[in-house]
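Examining the three-dimensional arrangement
Chain by chain, the residues:
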Amino acid sequence: MKKMLVTGGTVFVSKYLAEYFAKKDFEVFVLNRNTRPQPENTRLIQADRDNIGTALTGQSFDIVIDTGYAEKDVRNLLTAFDSPELCGSQKYIFISSSAVYPETLPQPFKESAKTGRNKIWGDYGTNKIQAEEYLLLQKKDSYIIRPPYLYGPMNNVYREAFVFECAQKARTFYMPKDGSLKLQFFYIEDLCKVIETIIEKNVQNHIINVGNEECTSALDWVRTCYEVADSPLSIKNVDGNIGQRNYFPFYDYEYKLDVTLQKELLPKTQGLMEGLAKSYEWYKKNQDAVSKKNFIAYIDKEIAK
């Protein structure tokens, strides 16, 4: 049985990863402060990421999956092991982001493109860049995965959950402009499958974009959310002068990742309809786990008045 360390493990991406691989007969350890319920069938290493201390002394893992946000996160983890050069693992997989690509680059973004500050994502993107660069310098057998918008069961971010809530309440949906904004998604289990392939095979590419090959419009995404919630959809379009992020979960920003390398590892990805249906089933039982924003209150006060 291979040993795996997942940093975090208490919300969405890291929690889903931990439980997915625990079901695949990995011995999964999670590193967190123990302030939330732990993922099923995993073992806790209790420590603060900024002060790991001796929590990893003498530890060794076959795989490390890191969902950190900045260079210091990677540095703190590497130096917490007895042998930072080896990091006590055979493979180190870092979950980065599409936010590392400047919005000024030609699209779709390729892995070979120069990274840099993206004005939409700001420090979040630049912090991920610094984490990537540090890791690649420190550990040879490391992999960088750059996803677009992730979705699926356990998603505590108020994206599809917001639309599901509107659908359940049979609300008219207030759509930015004409709804043609293009969005690229990736189902959380597909992310796990890509990582599984990296673990099992000698993958030559160490930086990999992931995502559905085709983007979808904001309108089609909302329509699909309402459909899986079995609710009729009524749309009202909102003037572009109103700040979109006050009432809608995505920036007014289109981008697309080139996922040619991913397709070699995972030729077929989850369809949006089926993926959102699974997400909705989770949402119905776990609404309190979602970090809600005041979109609905803003709509009722500022737009629908």
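Here the structure is shown first, and the text comes after it.
Residues numbered from 1 in each chain as written. Predicted model: local features only at pLDDT ≥ 70, side-chain atom pairs only at ≥ 80, totals over all residues. Heavy atoms only, no water.

**With respect to the packing of helix 4 (residues 160-168) against helix 6 (residues 218-228)**
In contact at an axis separation of 9 Å, helix 4 and helix 6 are set at 55° when each is read in the N-to-C sense. It follows from the interaxial angle that helix 4 and helix 6 lie oblique. As helix 4 packs across helix 6, the resulting crossing turns out to be right-handed. Contacts between helix 4 and helix 6 involve E160, V163, F164, C166 and A167 from the first element and W221, V222, C225, Y226 and V228 from the second. Considering only residue class, the contact of helix 4 with helix 6 consists of nine nonpolar, no polar and one charged. (Axes fitted to C-alpha atoms, helices over the stretch in contact; angles between N-to-C directions. Helix = DSSP H or I, 4+ residues; strand = E, 2+ residues; numbered from the N terminus. Parallel < 35°, antiparallel > 145°, perpendicular 65-115°, else oblique. Left-handed = near helix turned anticlockwise from the far one by under 90°. Contact = heavy atoms within 4.5 Å. Nonpolar A, V, L, I, M, F, W, Y, C, P; charged D, E, K, R; others polar.)

**Overview of the state of the cysteines**
Enumeration over the complete set of coordinates arrives at zero disulfides. Looking at the unpaired C166, the closest cysteine sulfur is the one in C225, lying at 10.0 Å. For the unlinked cysteine C215, the closest cysteine sulfur is that of C225, found at 16 Å. The partly exposed category is assigned to C215, whose relative accessible area is 23%. (Disulfide = S-S within 2.5 Å. Buried < 20%, exposed > 50% of the residue type's maximum accessible area, 1.4 Å probe, protein only.)

**Observations regarding the packing of aromatic side chains**
Describing an aromatic ring pair means giving the distance of the ring centres and the angle of the ring planes. This structure, assessed with the given rule, holds 29 aromatic pairs. Between Y69 and Y124 the ring centres are 6.3 Å apart and the planes differ by 55°, which places this aromatic pair in the tilted class. One end of the pair, Y69, is in the loop between strand 4 (63-66) and helix 2 (71-80); the other, Y124, is in helix 3 (residues 123-138), and 55 residues separate them in sequence. The exposure class of Y69 is exposed, given its relative accessible area of 53%. Residues W121 and Y251 carry aromatic rings whose centres are separated by 5.4 Å and whose planes lie at 85° to one another, so their mutual orientation is edge-to-face. Remark: Y251 occurs in the loop between strand 13 (235-238) and helix 7 (260-265) and W121 occurs in the loop between strand 5 (91-95) and helix 3; sequence separation between them is 130 residues. Cation over ring: K3 sits above F61, and NZ or CZ is 5.1 Å from the ring centre. (Phe/Tyr/Trp six-rings, centres within 6.5 Å; stacked < 30°, edge-to-face > 60°. Lys NZ or Arg CZ within 6 Å of the ring centre and 35° of its normal.)

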